[in-house]
Amino acid sequence: MASSPAANERRPLPVYKLMEPLATVLLKPGEADRVVAGHPWIYQGTILRLTQPALDGEVVQVKDHRQRFLGIGFFNSKSKIHVRMLATERVPVDEAFFEHAIRSAIAVRHKHLPNATTFRVVNAEGDVLSGLVVDKYADVLVLQTSSLGMDQRKTMIVAALQRILSPRAILERNDIASRKFEGLPNANGVLTGQCDPQLAVQLNQLQFEADLLGGQKTGLYLDQQVNYQRVGRLLARSQGAQVLDCFSFVGGFALHAAQAGAAHVHALDQSAEAVAAGVRNAAANGLAAKCSFEAANVFDWLKAQTIAKPNEKVIPRFDAVILDPPSFTRNRSAVPDALRGYKEIHLRALKLLKTGGTLVTFCCSHHVDAATFQDVILAAAFDARRLLRRVAVYTQSPDHPVIPAIPETEYLKGFAFEAVR
Ligand code: SAH
């Protein structure tokens, strides 16, 4: 039966008719499961064909080889990752989409980091927003867009962030290496609002300077925020400790250890700027008398402290040693060299650690898993003839969510050991 024109007008149009037609990416047989499991990266080699040409940065729909719909994502032929999945439904990727996704990410932070004022708001794949990182430093936001699709939608993302968080300013920190794989140039600066790129923020109960446009990462290593607190609590059980913080950056662990009751913390970092900021941070928190910072290469420093002359013995003098080196691996082929590096610093650190003392150690390389990392530490302990008791296991702070179906989201692992002998 034909319906009247009036009835037709009242009937809402189906959603798909309101949307632009999308180019379709068909996957090769056997390649869909990874995507169905939630992994957002579709490599060029897994694609059977495109049903029509797609522009780089455009939203495409992805289907398996039997034409079953899997979801939508950003296309970029210039990247080895041809499609970055965004959703399992055919939704418009507009400001409302970003607002919803960012609000979901913030809910995770409110649940798991309820008292934090400085944290990572969005962590790319960990928040189902591949290519987008947003950090919140008190009332200033720092944005990183590492995919073309995200970069092209910066204005929308900024508008959504303004509506949700009303920040004083939004900066972009787009000087990351991964952008060149997407054909994107470097770009650093203020996107909206006004702010001095150097500001003081609170992590746990301590104040830190963050250099949002010049510092490492987007200013601070926010992924260690929970570990600062946990390590502080652990070291609080050894009042009056002599602590060595290796790869200290601006003193995250050093200051937490000093606040927890260490007698003295000596911090080492090769970056003179980081060391200078560490000194200022210690002073700002009233901890200057308990902290010293030294610009040094940790490998050289530890070597100089642990090379014994004939008939001399290295005297262990630290109650706690913290090791938080940078990732020594850019890719899998660098792993053997990295493991040698990890072993060396652990061996030397153990020589300086008193019996009963605590070794706190981290590895932020995705390519080295926790079991491999622990094996390296045990190999160093063997060479140093030390027996270790494991007293804590650490991972990245919950504002860097781990999604096991996306192994790349898990990278930071750490342990605390006590030297039994
Ligand atoms: N523990 C820090 C983060 C460390 S990141 C924090 O919680 O904030 C790694 C640091 O190691 C960086 O600050 C970098 O400047 C420093 N670094 C890298 N290689 C080094 C080396 N060989 N010797 C000393 N410092 C080094």
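Coordinates for the structure precede this section.
What counts as what
- Residues numbered from 1 in each chain as written.
- Predicted model: local features only at pLDDT ≥ 70, side-chain atom pairs only at ≥ 80, totals over all residues.
- Heavy atoms only, no water.
- Helix = DSSP H or I, 4+ residues; strand = E, 2+ residues; numbered from the N terminus.
- Contact = heavy atoms within 4.5 Å.
- Lys, Arg positive; Asp, Glu negative; His and termini not counted.
- Charge placed at Lys NZ, Arg CZ, Asp CG, Glu CD.
- Pairing = 2+ DSSP bridges.
- Axes fitted to C-alpha atoms, helices over the stretch in contact; angles between N-to-C directions.
- 1 Å grid on protein atoms, 1.4 Å probe; cavity = no way out; pocket = protein on both sides within 12 Å on 5 of 7 lines; lining within 4 Å.
- Points joined across faces, edges and corners; volume = space filled by probe spheres on them.
- Nonpolar A, V, L, I, M, F, W, Y, C, P; charged D, E, K, R; others polar.
- Salt bridge = Lys/Arg side-chain N within 4 Å of Asp/Glu carboxyl O.
- Buried < 20%, exposed > 50% of the residue type's maximum accessible area, 1.4 Å probe, protein only.
- Near = heavy atom within 4 Å.
- Polar contact = N/O pair within 3.5 Å; in protein donor to acceptor, adjacent residues only side chain to side chain.
- Areas by Shrake-Rupley, 256 points an atom, 1.4 Å probe, with all protein chains shown as cover.

Trainee: Looking at this structure, I do not really get the overall build of the protein chain. What am I missing?
Mentor: From N to C terminus, the protein chain includes 12 helices and 20 strands. Each principal axis of the C-alpha distribution contributes one length, and for the protein chain these read about 100 × 45 × 35 Å. Sequence separation of 24 or more characterises 63% of the internal contacts of the protein chain that already satisfy a separation of 6 or more. Charged side chains of the protein chain number 48 positive and 40 negative; the gap between the two group centres comes to 5 Å.

Trainee: Looking at this structure, I do not really get the sheet that holds strand β20 (residues 413-419). What am I missing?
Mentor: Strands in a sheet are paired, the pairing made by backbone hydrogen bonds, and the direction either parallel or antiparallel. As summarised here, the arrangement of the seven strands in space is β16-β15-β14-β17-β18-β20-β19, forming an open sheet in which the pairing is mixed. The open sheet has two edge strands with one neighbour each: β16 (291-295) and β19 (388-395). Within this sheet the neighbouring strands show an average axis-to-axis angle of 15°, counted without direction. Judged from the five bridges that link them, strand β14 (residues 242-246) and strand β15 (residues 264-269) form a sheet pairing that is parallel. Of the residues in β15, the one forming a bridge with V243 is V265.

Trainee: Whenever I open this one, empty space enclosed by the protein confuses me. Can you help?
Mentor: Empty pockets left among the atoms are what a rolling probe the size of a water molecule brings to light. Here the structure, examined in full by the defined rule, presents one cavity of 30 Å³ or more. Taken as a whole, the largest cavity holds about 40 Å³ of empty space. In terms of lining residues, the largest cavity is bounded by E31, R34, V35, W41, I42 and T46. If you list the elements that add at least two residues to the lining of the largest cavity, you get α3 (32-36) and β2 (41-43). Of the residues assigned to the lining of the largest cavity, the class counts are three nonpolar, one polar and two charged.

Trainee: What am I meant to see in the pattern of salt bridges here?
Mentor: Any two side chains of opposite charge can pair, on the condition that their charged atoms come close. On inspection of all chains with the given rule, the structure shows 21 salt bridges. E99 is paired through a salt bridge with R163; the nearest N and O atoms lie 2.6 Å apart. Placement of E99 in helix α4 (residues 95-112) and of R163 in helix α6 (residues 154-165) is noted, with a sequence separation of 64 residues between them. Of the residues examined, E99 reaches a relative accessible area of 15% and is grouped as buried. Residues participating in the shared-partner salt-bridge network are E95, E99, R103 and R163.

Trainee: Help me understand the site of the ligand, please; the structure alone is not making it clear to me.
Mentor: Around the ligand, the surrounding shell holds 16 residues, and the nearest of these are Y228, D269, Q270, V298 and D324. At a separation of 2.6 Å, an oxygen atom of the ligand approaches a polar side-chain atom of D269. Summarising the interface, the protein chains cover 92% of the accessible area of the ligand, which totals 580 Å² for the free molecule. Of the residues contributing to the shell around the ligand, the split by class is nine nonpolar, five polar and two charged.

Trainee: Sorry, what's going on with the sheet that holds strand β7 (residues 119-123) here?
Mentor: Strand order in this open sheet of five strands is β7-β8-β9-β10-β11, and the pairing throughout is mixed. Lying at the two open borders of the sheet, with one neighbouring strand each, are β7 and β11 (187-193). Taken over all neighbouring pairs, the strand axes of this sheet differ in orientation by 20° on average, direction set aside. In this sheet, strand β8 (residues 132-137) lies alongside β7 in antiparallel orientation, the contact comprising four bridges. Bridge assignment links N123 to a residue of β8, and that residue is V133.

Functional significance is not addressed by these values, which are geometric in nature.
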